[in-house]
Every structure is written in C-alpha cells, then in structure tokens.
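Observations on the three-dimensional arrangement
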2 protein chains.
Amino acid sequence: MDKQIFAFIEEQRGEYIKWLTDFCRIPSVAAQNRGMKESTDFIEDLFDKALQTKPELLPTRGYPVVYSHLKGTKPTTLSFYNHYDVQPEDPIELWDTPPFEPTFKDGKIYARGVADNKGNLIARVAAIHAIKQVTGGLPIDIKFIFEGEEEIGSIHLADFADKHQDKIQSDGCVWEFGYRDADDRLQVSLGVKGMLYVELFIKGANTDLHSAQASIIESPIWRLIWALNLLKDPNDRVLIPGFYDSITPITEEEQELLSHYLLEEKSTLDHLGIEKFVNGLTGEELKAKHIYEPTCNICGIQSGYTGEGSKTVLPSEAFAKIDFRLVPGQNPHQLLEDLRTYLNTHGYDDIGIRVFGSEEAARTHPSEKLAQAVIETIGTYCDLPPNVIPNTPGTGPMFDLCQRFGIPSVSFGVGHFASYTHAPNENIRVDDFIENIKLMAALVFKFEEKMNENGADLSEPVTNATTV
Amino acid sequence: MDKQIFAFIEEQRGEYIKWLTDFCRIPSVAAQNRGMKESTDFIEDLFDKALQTKPELLPTRGYPVVYSHLKGTKPTTLSFYNHYDVQPEDPIELWDTPPFEPTFKDGKIYARGVADNKGNLIARVAAIHAIKQVTGGLPIDIKFIFEGEEEIGSIHLADFADKHQDKIQSDGCVWEFGYRDADDRLQVSLGVKGMLYVELFIKGANTDLHSAQASIIESPIWRLIWALNLLKDPNDRVLIPGFYDSITPITEEEQELLSHYLLEEKSTLDHLGIEKFVNGLTGEELKAKHIYEPTCNICGIQSGYTGEGSKTVLPSEAFAKIDFRLVPGQNPHQLLEDLRTYLNTHGYDDIGIRVFGSEEAARTHPSEKLAQAVIETIGTYCDLPPNVIPNTPGTGPMFDLCQRFGIPSVSFGVGHFASYTHAPNENIRVDDFIENIKLMAALVFKFEEKMNENGADLSEPVTNATTV
C-alpha cells in the first residue's frame, strides 16, 4: 500500500507543487490584513477539488479557523494543526525574488510562507488526497484545523479551542512546522516555547521638535532606551524580578534528550557570517540555552528620522516591539504584570504596553504513541533517523490547543536548516516537500497501528537509539 | 528715506510673498538630493529679475554656494548668510497641508522651509531690492552667501570659507535664522552652539532571523541599546569621559545676559502638551541649561519590524542618529575621538560611527557694532525691544564662516515662537515676514551709520536697558 501511495504522490508531483505555489501567491499577512479572504477561498476550493468536501469556516473574533473532519474506518483520530497566515515580507529590499511570486532556483521554491506554513499545510492535504485516491477512503478520522492568526500570536485560538472542544479533540495532533537539521536529519519536536509579545510605546511633546530643544525637553526615545536597558543586561540575563523563578527545572530525561540534539555550531556560524554565539557559548551549554532558556528579544524599534543622511530633530514618540519566548513554568500573564510593575517602580509609568500575543509553553512526553509513530515512520522511510528534541526554540499555541485538553502533539515538516523563516528569501527544497507528503501519508497508517497495539508498553522507553 | 522704503515694501507685499511661496514649492532636501538644482536656478532667476545681477555659483565638493557681491557707495560691507536647503518633511502624515504646497491659514504661511530658511533668504533679497528700487543704489556693499548644505551639517562650508576668504570677508554678517519669543519680542542671537552629528550602526548575522534564534544569536539592536545607555544617564548627564571638561566657563556678563533672556515656561509646556522640563528644571537653571549646556540627542533610531502588529524577528542590523550640541570650548573632533575610545573601552568596537556634521560653537560680543546696529534698529522700528541672547540653543557653521576670520555675526529673522522648524506644519506669520523685510532694509542704513561713528565708544557697554 505504501508503495502505491508513494508512487501516486510521485505522479502528482507537479499538481501538488502547483497547489503550493498558487497558495504562496496570496499575500496572507494577518498583521496587515492582506489576502486573508483570498486564502480561505483558496482552501475551500482546494478541499472541494482534492478531498470532495467543504470545510467549515468557524468564526473567531479575528480571522476564521478553517476546519474539516474526514471520517475513517477505525475509531482513532489524527488532527493536523496549520495556519494560512504568513509573516510580513519586509525588509522587501533584501529579497532576491518577489516574496509573493514563488520562484524555483537550485531545487528550491522561494516565497514568503513556503516553509512557514503553507508548505506544511499543502503537504498534509496532499497526503490525505493521496490516501483517498489510492485506497478509496481513510483508515482513521482526520481533522484539519487551520487558523489565520498564528503569526500575530494566535490571539483568538484559545477562545476558539474553549468553544469547540469537541471539534478539536483527537488522539494526537501533528503540529504545524518542521525542519531538517544541518546533518539532513528531520527534526522532530515534542514541544514549543511560550510567548509574551508586547509593544512598549511612549509619547513626549505633541510634535517633533528642532533638536536644539533637547537641552530642556524630555526625549521619549531616550526614556525608552533607559527603560529597555533595565530589561536585559549585556550578558543576556533578563532583569525583570522573578523572571526565572517559576521555571520548571529540567529533568534528567530532558537533559538526556538534549545530549542527542544536534546544533551544528560551525556551519551555523559560517552560514550567518558571525563569529560566536551569545556569551561565547558552545556545546551542551549552548544547546541548553537554546532549548531550555527563555528570551527577551527586540523585534523592532523606531523613533524619529530614519531616512538618508541627517535630520536634527527631537522625536516626539518612540516604540519597541519585544517578544519574550517562555519555557514551562513561566506564565505570560504574570510576566506582563511583573513587567508593568517593574517599569513603574523605576519611574517609567509613562511607557505604555500593548500586548500582541500571549502563549504558554508546552511539551509532549516522548513515550506518547503519536511521538512513537512519528519517530518510527521517519525511521522506516528515511535514510537518516530523526533528531528528537523536547521542544523547539520557537513558539505556537500548542498548549491552548492540545496539552490543556490532554492531546499529545508532535511537529515535523517540509523545511530545512536554511529555510529563512520570518526572513527574506524564505524557501524549501522541492524534494523535501514531496518526501514530507509521503511521510505524512505513512504516518496516518503508522498511527493507526500504534493506537491499536496492546497498550501495555506505554511506559516502555522509546528505543530508537539515535534519538532518546 | 525709511518711510519711502517701508511704503515701497508694503506696495510690493504680494510680489515678495509670491517670491517666497514659489521658492517653498521646491523640495530642496539636501539630505535626499531633491530639488537642489531647481533651487539655485530659482535664485539665479530671482537675482536677475530683482537685483539685475547674476550671482556666482561657487562649487564645493557638495552643493554649490550661491554668492553675490553688490557694490555700495561707502567702504563698509554687510553680508547675509542663508541656506537654500531644507529639512526632510517627514513624518509626512503629521502635516495638515502638503509640505511643498505653501498654504495660507490664519495669517500664516505653512510650508517646509518657510521659517528655516527660505523666509529669511527671501526677506533679505527683498530688502536689498527695495533699497535699490527706492534709492537707485546701495549705501554700502552687500554680500549674499547662500549655501545648500546647512541642514546636513554644512559639511563643505569650512573648506569653502578657507578657499574664498576674500569673498566672505565683511564687517559683519547677518546670520540665517531668527524667531519672535512668546512675548512677541524679536530674539537677537549673538551666537550658536556647535555640533557633532553621528550615526552609530551595527550589523549582526547576515540576515534577519526568526526570533526563536534570539536565545543564542547576538542581537545588534540590543547591543546598540546597551551602548547608547552608556552615553547618557537618566538625569540627562552625558557620560563620555571628558565631555564637560573643556567647556569655557560662563562669564558674569553672560550670566547677566541670561537673566534678561525670556523663556516662557508655562506657555511652552502648554503648547507642547507636557508637564515639566528635563529634570523638572525651572527659572534660571532651566535657561542656563538651554543656552549654556551641551546636549546628546537621539534624532532617530531603527531596527527590525516597525509596521503594524507583530512580527517575531531577530533583526540583523540597527542604527541610531545622534546630534551633540556643543558649547564654546568643546571640540567636535575631540568628541568624536573620545566617543570612539569610550565605545571600544566598553567592548563596542563592532559599532561603527558615520559622521554627518561637525561644527564648533561661536559667540559675538554684544559691544560689536553689528550687534548694536541690530539692537538699535529693532528698538527704533518695533513696538517691543528685542530679547538678546549670547547664543541660541541651535547650531550653524558660524565659527567656520565668521568668528575664525574675525567677522562678527548676529541673527534675527522672520520666525516666531511656534514656527515648528524641523517639524511638521512649519510656518511663519505673513506680517512678521513683511516687517522683517523692513527691518533688514533699515539695518543696512543703521549699520552704515554705526560703522562711520567715531570708533572710540567700541568698549562702551551697550545701553539698551531691556536686553543687556
């Protein structure tokens, strides 16, 4: 059966790539309210054409969630969580090709969203299409849950999940993203970091002024800089009181997983054109920081004149966009409260805080059947075994959609080490895309098999030697 | 004679306003290389039409200096220094009317450059036009020196002055700017602050990254913020070693001038919509800080995503534009060196410095004949005596063009308290413009009179009771 399905996928190669490039032409930037309706229209057409079904558009207070439940023969349900929105494409001048005109070069497809997340969304639809076409049905129930606000912090997904607990319930959820590491192994991620995304903003005088006034008129951007300086020290240590206190300690098992996690230091440094990592870290310390430590990152800052040459102005306002990546134990709501208190304590109550996203961290245990099914599928069909990590350094609404309802979740996908997600020249390799379709199809059968095994070995250690 | 000339100026009111609005339609933004040739063409046409002369376009390594020397009957020379470039108009969205479409409202003309510096340039040409038309000649020699790079730091004016010492030589120079204070008195300024304008810039990885990488990849914007924090503390004290050490101490005479200087605290605060000045200063301390102290101001800063909503990115580069306003004794070249050393000492040798301007501070003594002539002209023809200050908080290439060649300089002009120079909605009052033309014409005769007085009273104190 596998061979027939894989052969069918190869036959459909051109068609599946066309689905993807057509989708990538839509500039579905939720942050800027562009191309969102076109995206849901596209998915509706695709489901109609490929799966002979009409998905539901479930409303939220923001963009709708596209939902579809396809019935299978066995009483097991596998869900796929993806998103149809993409990051803004700027800085546009650093793209080698137009971000919304998918371009083929050196075996890769370049386009905003091709890795994050349209390549994965299409690969999963394609896998289900292939199974249905070849077998005439589905072995288990499949649910698709595609939100439109992942790149703006999944701000309405928790509410959505509360309201539609019956619809989202499943025996396991394949999460939206996934990348190959530099050694060409597929990375399998069992969790995500959480996030608090805020904008700090401040206004001074009601107009920009000639900078000669700077001797006596307070500068909002200087105040913002002094306040930012209070948030993190040059050793990358976050200074907000209590920030590290509630973090769940790393278990020995997690430490063990980390030792198998691959971080290609030299190729990463070479690829990025830098000489060292934060604090000069290497080896296990570096990996531990990447996977297990929270961050405080400035995504953007602006004030005053930023054009060519010079302008002597005292700007009247300033803002900075900051994302904190959180780890298990840290609560984004508590952090927001602590941040406000901390700024006030230091006299910065004139700095406002806008919240753009708030998510808790999540992890799935490697002994869960979905995790086993993914690892075994990759072990069976790929040349190289996967790199399994307890969580990625990235974020998503995994806790809101899965863990708080007891649903295990595992992530792997079409991207690779240099996919440039959230950056100019985002890309995936065409062959990775096609292989991922095959793996997703195979996983459906493998998951069915695992779920119908005798449950007695649930507590057994996972035995794939290269990973855990 | 005064009355005839003033009457002629009134008759020409519409014509002079047309000269000004035609000039303001040209977007002569030197920082962006816009409208510069059109500006010198305009001035050539104006001189041809109004003064029956063709000015010289003296080349520099940047934009040319427009120069004209008109002969008079007496062996005295008065020069006018102005500039034909303007500040960039952004933030464009905060203008109520298009910046390069001069608009009349409530007795004011709104346009970029109308106060700084086209209103003054035109008023001075108009004054000489009126004298020539009414008297058939000029009582003294007049020189016009119009540069095109004042708003980008007069970067080639010092070289120009070195090369053309004969051409710039005069017995006194009327400087480019001038404003009425909130009490409607004309401010007469005898000096300017100096400046060092720099851009600090830093690059990290060779591409923007997904912000999940922030745990291990260094952030250029964080490094810039930590470095900026080293430059000035929250009490507005500049922290660069030696910054205050070389400042020429304030004399008793300067302290005395300051006591007559008007700074309308309440109306300024109300007008700007703020509650207090820097450090909560008031009274003499506030005035002293404004006039006698140097600044370190952030004109602009940018890094990463600054659009709507959120984008989770680790930006690969960052920059900040900074102007230091300097006072007598401070050397901009020394400061640049000290800044570089200071950053290096703290490990920020990865932060580059671009220099966009470098000027020394300058002051003219109030007993100089030009100063006396200006103060007496205003005393004679205006309802209110002037506010005389030893220097403005602003900057210009006064030292390079005047003081180092022994030329006294005094500044007064067409602007008012709310002219919004360098900011959106820049404007002047039409009546101020017309009155300034009259004052400039009267000054020509008054200066001739002063220069031909017995020189014995040079060291006498100036007696205008309201000012010194």
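This text follows the structure it describes.
Sequence order sets the numbering: in each chain, residues are counted from 1 along the sequence as written. To label them, take the chains in the order written and letter them from A, then take the ligands in the order written and number them from 1. Local features in this predicted model are restricted to residues of pLDDT 70 or higher, and side-chain atom pairs are both shown and tallied only at a pLDDT of 80 or more, whereas totals for entire chains, interfaces and linings draw on every residue.

A few words on the overall build of chain A. A count of helical and extended segments in chain A gives 14 helices and 19 strands. Our radius of gyration looks at C-alpha atoms and nothing else; its globule reference is 2.2 Å times the residue count to the power 0.38. In terms of overall size, chain A behaves like a compact globule, its C-alpha atoms giving a radius of gyration of 23 Å where 468 residues would be expected to give roughly 23 Å. For the exposure call, what matters is how many other C-beta atoms sit within 10 Å of a residue's own: 20 or more marks it buried, 12 or fewer exposed, and in between partly exposed, using C-beta atoms placed from the backbone. Within chain A, the proportion of its 468 residues that are buried is 55%. Our contact criterion uses C-beta atoms placed from the backbone: two residues qualify when those atoms are within 7 Å. When contacts within chain A are restricted to residue pairs at least 6 apart in sequence, those whose partners lie at least 24 apart make up 81%. In DSSP terms, a helix is any run of H or I states spanning at least four residues, a strand is any run of E spanning at least two, and both are numbered starting from the N terminus.

This part is about the sheet that holds strand 12 (residues 297-304) of chain A. Here a strand pair is declared whenever DSSP counts at least two bridges between the two strands. The 8 strands lie next to each other as 15(A)-10(A)-14(A)-12(A)-12(B)-14(B)-10(B)-15(B), forming an open sheet whose pairing is antiparallel. Across the chains shown, the open sheet's two edge strands, defined by having one partner strand only, are strand 15 (352-359) of chain A together with strand 15 (352-359) of chain B. Neighbouring strand axes in the sheet, compared pairwise and without regard to direction, differ in orientation by 15 degrees on average. Inspection of the sheet shows strand 10 (residues 194-203) of chain A paired to strand 14 (residues 317-326) of chain A by 10 bridges, in the antiparallel sense. Residue pairing in the sheet places Ile202 of chain A in a bridge with Ala318 of chain A of strand 14 of chain A. Convention adopted: a line fitted to C-alpha atoms gives each axis, helices being fitted over their contacting stretch, and angles between N-to-C directions are expressed from 0 to 180 degrees. Across the face of the sheet, helix 11 (residues 332-345) of chain A comes into contact with strand 10, strand 14 and strand 15 of chain A while running at roughly 165 degrees to strand 15 of chain A. Along the sheet, helix 11 (residues 332-345) of chain B makes contact with strand 10 (194-203), strand 14 (317-326) and strand 15 of chain B, crossing strand 15 of chain B at roughly 165 degrees.

Take the sheet that holds strand 19 (residues 427-429) of chain B next. The strands that make up a sheet are held in pairs by hydrogen bonds between backbone atoms, and each pair lies either parallel or antiparallel. All names here are of chain B. Here we have 3 strands laid out as an open sheet, ordered 4-5-19, and antiparallel in their pairing. Single-partner strands in this sheet number two, and they are strand 4 (103-105) and strand 19. Mean inter-strand twist for the sheet, computed between neighbouring axes without regard to direction, equals 25 degrees. With 3 bridges connecting them, strand 4 and strand 5 (residues 108-110) associate as antiparallel partners. When the bridges of strand 5 are listed, Phe104 appears paired with Ile109. Sitting on the sheet, helix 4 (residues 114-135) touches strand 5 and strand 19, and the angle it makes with strand 19 is about 45 degrees. Across the sheet, helix 14 (residues 430-451) touches strand 5 and strand 19, and the angle it forms with strand 19 is around 70 degrees.

This part is about unusual backbone geometry. Residues and elements named next belong to chain A. Following Asp116, the chain continues into Asn117 via a peptide bond in cis, with omega recorded as 25 degrees. In this structure, Gln52 takes a positive phi of about 50 degrees despite not being glycine. Along the chain, the position of Gln52 falls in the loop between helix 3 (36-51) and strand 1 (56-58). Overall, Gln52 belongs to the exposed group, with 10 C-beta atoms counted inside 10 Å. Phi at Asp184 is positive, roughly 75 degrees, even though this residue is not glycine. Mapped onto the secondary structure, Asp184 falls in the loop between strand 7 (172-175) and strand 8 (187-189).

Relating the two copies of this chain is a rotation about some axis coupled with a shift parallel to it. The copies were overlaid by least squares, fitting only the C-alpha atoms of residues that reach a pLDDT of 70 or more in each copy. Between the two copies, chain B and chain A, the superposition gives an RMSD of 0.0 Å; the rotation angle is 180 degrees and the shift along the axis is 0.0 Å. The superposition of one copy onto the other is thereby described by a two-fold rotation axis. For chain B, the residue whose C-alpha comes nearest the rotation axis is Gln302 of chain B, separated from it by 2.3 Å. Interface residue correspondence from chain B to chain A reaches 100%, placing this contact among same-surface, isologous pairings.

Residues and elements named next belong to chain B. Two elements in contact, helix 1 (residues 2-11) and helix 4, have axes separated by 9 Å at closest approach and are oriented at 120 degrees. The hand of the helix 1/helix 4 crossing is right-handed. Only Ala130, Ile131, Gln133 and Val134 of helix 4 make contact with helix 1, whose side of the interface consists of Gln4, Ile5, Phe8 and Ile9. Within the contact of helix 1 with helix 4, the residues separate by chemical class into 6 nonpolar, 2 polar and no charged. If you view the pair so one helix is near and one far, a crossing is left-handed when the near helix is turned anticlockwise from the far one by less than a right angle, and right-handed when it is turned clockwise. Each residue gets one label: Ala, Val, Leu, Ile, Met, Phe, Trp, Tyr, Cys and Pro are nonpolar, Asp, Glu, Lys and Arg are charged, and the others, such as Gly, are polar.

Put simply, a nonpolar core is a cluster of buried Ala, Val, Leu, Ile, Met, Phe, Trp, Tyr and Cys residues tied together by C-beta atoms within 7 Å. Of all hydrophobic cores here, the largest spans 268 residues; its most connected members are Ile437 of chain A together with Ile437 of chain B. Non-local contacts of Ile437 of chain B, meaning those with residues more than four positions away in its chain, are made with Ile9, Tyr16, Ala123, Ala126, Ala127 and Ala130 of chain B.

This next bit is on the interface of chain B and chain A. Of the residues lining the interface, 77 residues belong to chain B; the matching set on chain A comes to 77 residues. Contributions of two or more residues to the side of chain B that touches chain A are made by strand 11 (209-210), helix 7 (220-231), helix 10 (283-292), strand 12 (297-304), strand 13 (313-314), strand 14 and strand 15 of chain B. Among the elements that take part in the side of chain B that touches chain A, strand 12 of chain B stands out by supplying 8 residues, more than any other. Residues of the side of chain B that touches chain A, tallied by class, amount to 35 nonpolar, 31 polar and 11 charged. Two strands pair when backbone bridges link them, and strand 12 of chain A and strand 12 of chain B are joined in this way by 5 bridges, in the antiparallel orientation. Considered in strand 12 of chain B, the bridge of Gly300 of chain A is made with Gly304 of chain B.

On to the packing of helix 2 (residues 13-24) of chain A against helix 4 (residues 114-135) of chain A. All names here are of chain A. Orientation of helix 2 relative to helix 4, taken along the N-to-C sense of each, is 140 degrees, at an axis distance of 10 Å. As summarised for this structure, helix 2 and helix 4 are arranged oblique, according to the angle between their axes. The chirality of how helix 2 crosses helix 4 is right-handed. Contact residues: helix 2 offers Tyr16, Trp19, Leu20, Phe23 and Cys24, while helix 4 offers Val114, Lys118, Gly119, Ile122 and Ala126. A breakdown of the residues in the contact of helix 2 with helix 4 according to their chemical character gives 8 nonpolar, 1 polar and 1 charged. Roughly parallel covers angles under 35 degrees, roughly antiparallel covers those over 145, roughly perpendicular covers 65 to 115, and oblique covers all other angles.

Before going further, it helps to spend a moment on the environment of Ser189 of chain B. All names here are of chain B. Relative to the helices and strands, Ser189 is located in strand 8 (residues 187-189). Given 29 C-beta atoms within a 10 Å radius, Ser189 is considered buried. Distance from Ser189 to Ile389, taken between C-alpha atoms, is 5.1 Å for residues 200 residues apart in sequence. Sequence-distant contacts of Ser189, that is, excluding residues within four places in its chain, are made with Ile389, Asn391, Thr392 and Ser411.

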